[in-house]
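# Observations on chain architecture
Here are the chains, one letter per residue:
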Amino acid sequence: MTDVTGVPAPVDVLRTLFHSDQGGHEQVVICQDRASGLKAVIAIHSTALGPALGGTRFYPYASEAEAVADALNLSRGMSYKNAMAGLDHGGGKAVIIGDPERIKSEELLLAYGRFVASLGGRYVTACDVGTYVADMDVVARECRWTTGRSPENGGAGDSSVLTAFGVFQGMRASAQHLWGDPTLRGRKVGVAGVGKVGRHLVEHLLSDGAEVVVTDVREESVRRITELHPEVAVAADTDALIRTEGLDIYAPCALGGALNDESVAVLTAKVVCGAANNQLAHPGVEKDLADRSVLYAPDYVVNAGGVIQVADELAGFDFDRCKAKAAKIFDTTLAIFARAKADGIPPAAAADRIAEQRMAEARRP
């Protein structure tokens, strides 16, 4: 059912919430502040493990229905990510509708902060696409349930360092599982996207003795890497990178949907482990990887270093404590591979089962 603009009517949103596998959310809040132009959706998928935790995405969605769908999918994913990270947090996510380059303002962010505060701590927000540390500093003026703030304002700042560290631990676990040794020494690793997270990952790989190939749509990002490390090879684009001869590990660290029917068919690597969210373009890709004997380290498991950091901020940020928690991603990834082998299922399905089990046990009286 659609309205005159072709946008799905509210009844379809309710059908998704109450009757689909993508639903099951505890609460969805539609927020509007006409004075500032704020239109936002806050989705709380689960509070079984504790207050929902997830970032705020600021994006020019094509329609309100698309924004709601994104909030639902992202918040559900956060439930699984937080569960697998061992955090006492459920999953939540917020989206602000609009182009942040055009409509983001202090007034809008303060209004958003008031909406988050009105939930009384059921949802804890942080940065995501289109929002930054400086934005969270503004939101925090109206809402104490805000993380990802600057160190000057009691926060932990940029979380990319620990995100990259966690992905590196996932790679080490993948190497241990597949080759019997947790080192990347002598392995050829292709990194697609060398922005904030990818460039830190490259440093870890080089320090461990890996041979690194990179690509990025931004020439300056690649140049920054090669000026520091002339030994790093450069692929023309992601399509060339995934076809690189002798590639052992592919690390998608840019946009989601990197693993699709076309890319999986030509992938030369034996392991996929990267920082990008939502790497599987659609259900079934995880089986395609397994059928080609490609080991997939679930993205929401290995890239959890950032959420570990922002969760720690609530207790008073301590970098060493966070790094120790992020280091456990190594053991968690190995446990997923073991469960996958025992159950005869792909690692992505095994991770889902473990996360669902933890959430189900938390709901029991």
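Here is a short report on the structure shown in this document.

Ordered by their spatial adjacency, five strands build an open sheet running S1-S2-S4-S3-S5, and the pairing between neighbours is mixed. Single-partner strands in this sheet number two, and they are strand S1 (27-33) and strand S5 (123-127). Within the sheet, the average angular offset between the axes of one strand and its neighbour, ignoring direction, is 25°. Both strand S3 (residues 52-59) and strand S4 (residues 90-97) contribute to a ladder of six bridges, which runs parallel. Along S4, the bridge assignment pairs leucine 53 with glycine 91. Its contacts with the sheet place helix H2 (residues 64-84) against S1, strand S2 (38-46), S3 and S4, and it is angled at close to 155° to S4.

Next up on the list: the sheet that holds strand S8 (residues 233-234). Strand order in the open sheet formed by six strands is S8-S7-S6-S9-S10-S11, with parallel pairing between adjacent strands. Two strands lie at the open edges of the sheet, namely S8 and strand S11 (295-296), each paired on one side alone. Sheet topology note: the strand S9 (residues 249-252)/strand S10 (residues 271-272) ladder contains two bridges and is parallel. Residue pairing across strands places isoleucine 249 opposite valine 271, the latter belonging to S10.

What follows concerns the environment of glycine 86. With respect to the helices and strands, the residue glycine 86 is situated in the loop between H2 and S4. Since its relative accessible area comes to 48%, glycine 86 is described here as partly exposed. Separated by 222 residues in the primary sequence, glycine 86 and isoleucine 308 place their C-alpha atoms 8.9 Å from one another.

A few words on the pattern of salt bridges. Counted according to the given criterion, the structure contains 19 salt bridges. Among the salt bridges present, the one from glutamate 106 reaches arginine 141, with a minimum N-O distance of 3.4 Å. Of this pair, glutamate 106 sits in helix H4 (residues 106-117) while arginine 141 sits in the loop between helix H5 (133-139) and helix H6 (160-179), placing them 35 residues apart in sequence. Note that arginine 149 is salt-bridged to glutamate 313, the shortest N-O span being 2.9 Å. Taken together, the positions of arginine 149 in the loop between H5 and H6 and glutamate 313 in helix H13 (residues 305-313) put the pair 164 residues apart, joining distant regions of the chain. Counted as one network, the salt bridges with shared partners bring together Arg57, Asp70, Lys93 and Asp128.

Attention shifts here to the pairing of S5. Most of S5 sits inside the fold, with four of its five residues counted as buried. Bridging between S3 and S5 involves five bridges; their strand directions are parallel. By the bridge assignment, glycine 54 is partnered in S5 with threonine 125.

Moving on: the packing of aromatic side chains. Under the definition given, this model contains three aromatic pairs. Arranged with centres 5.1 Å apart and planes meeting at 65°, the rings of tyrosine 59 and tyrosine 61 form a pair that is edge-to-face. On the accessibility criterion, tyrosine 59 (39% relative accessible area) is partly exposed. Taking the relative accessible area as the measure of exposure, tyrosine 61 reaches 9% and is therefore buried. With 6.5 Å between their ring centres and 75° between their planes, phenylalanine 317 and phenylalanine 319 make a pair best called edge-to-face. Taking relative accessible area as the criterion, phenylalanine 319 reaches 35% and is therefore assigned partly exposed. Geometry around tryptophan 179 places arginine 187 over its ring, the cationic atom sitting 3.9 Å from the centre. We note lysine 323 situated over the ring of phenylalanine 165; from NZ or CZ to the ring centre the distance is 5.1 Å.

As for its placement among the helices and strands, threonine 332 is situated in helix H15 (residues 329-343). Considered as a pair, threonine 332 and methionine 84 are 248 residues apart in the sequence and their alpha carbons are 7.5 Å apart. Excluding its chain neighbours within four sequence positions, the residues that come into contact with threonine 332 are Met84 and Val301.

Another aspect to go through is the pairing of S2. The buried fraction of S2 is high, at eight of nine residues. Bridge analysis of S1 against S2 gives seven bridges, and the strand direction is antiparallel. Bridging from a neighbouring strand, isoleucine 30 pairs with valine 41 of S2. Counting the residues between successive antiparallel strands, the hairpin from S1 to S2 contains four residues, one of them, glycine 37, with a positive phi of roughly 85°. Taken together, the six bridges between S2 and S4 define a ladder with antiparallel strand orientation. Its bridge partner being in S4, isoleucine 42 is matched across the sheet by alanine 94.

For any two helices packed against each other, one specifies the inter-axial angle together with the distance between the axes. In contact at an axis separation of 9 Å, H2 and helix H16 (residues 347-363) are set at 85° when each is read in the N-to-C sense. The angle between H2 and H16 falls in the class roughly perpendicular. On the side of H2, the interface is formed by Ser79, Tyr80, Asn82, Ala83 and Met84, while H16 contributes Ala351, Asp352, Ile354, Ala355, Glu356, Arg358 and Met359. Residue classes in the contact of H2 with H16 are distributed as seven nonpolar, two polar and three charged.

This part takes up the nonpolar core. Tyr112, Met171, Val191, Leu201 and Leu205 are the most contacted members of the largest nonpolar core, which totals 68 residues. Non-local contacts of leucine 205, meaning those with residues more than four positions away in its chain, are made with Phe168, Met171, Leu184, Val189, Val191, Ala210 and Val212.

Rules behind the numbers
Residues numbered from 1 in each chain as written. Predicted model: local features only at pLDDT ≥ 70, side-chain atom pairs only at ≥ 80, totals over all residues. Heavy atoms only, no water. Pairing = 2+ DSSP bridges. Helix = DSSP H or I, 4+ residues; strand = E, 2+ residues; numbered from the N terminus. Axes fitted to C-alpha atoms, helices over the stretch in contact; angles between N-to-C directions. Contact = heavy atoms within 4.5 Å. Buried < 20%, exposed > 50% of the residue type's maximum accessible area, 1.4 Å probe, protein only. Salt bridge = Lys/Arg side-chain N within 4 Å of Asp/Glu carboxyl O. Phe/Tyr/Trp six-rings, centres within 6.5 Å; stacked < 30°, edge-to-face > 60°. Lys NZ or Arg CZ within 6 Å of the ring centre and 35° of its normal. Parallel < 35°, antiparallel > 145°, perpendicular 65-115°, else oblique. Nonpolar A, V, L, I, M, F, W, Y, C, P; charged D, E, K, R; others polar. Core = buried A, V, L, I, M, F, W, Y, C linked by side-chain atoms within 4.5 Å.

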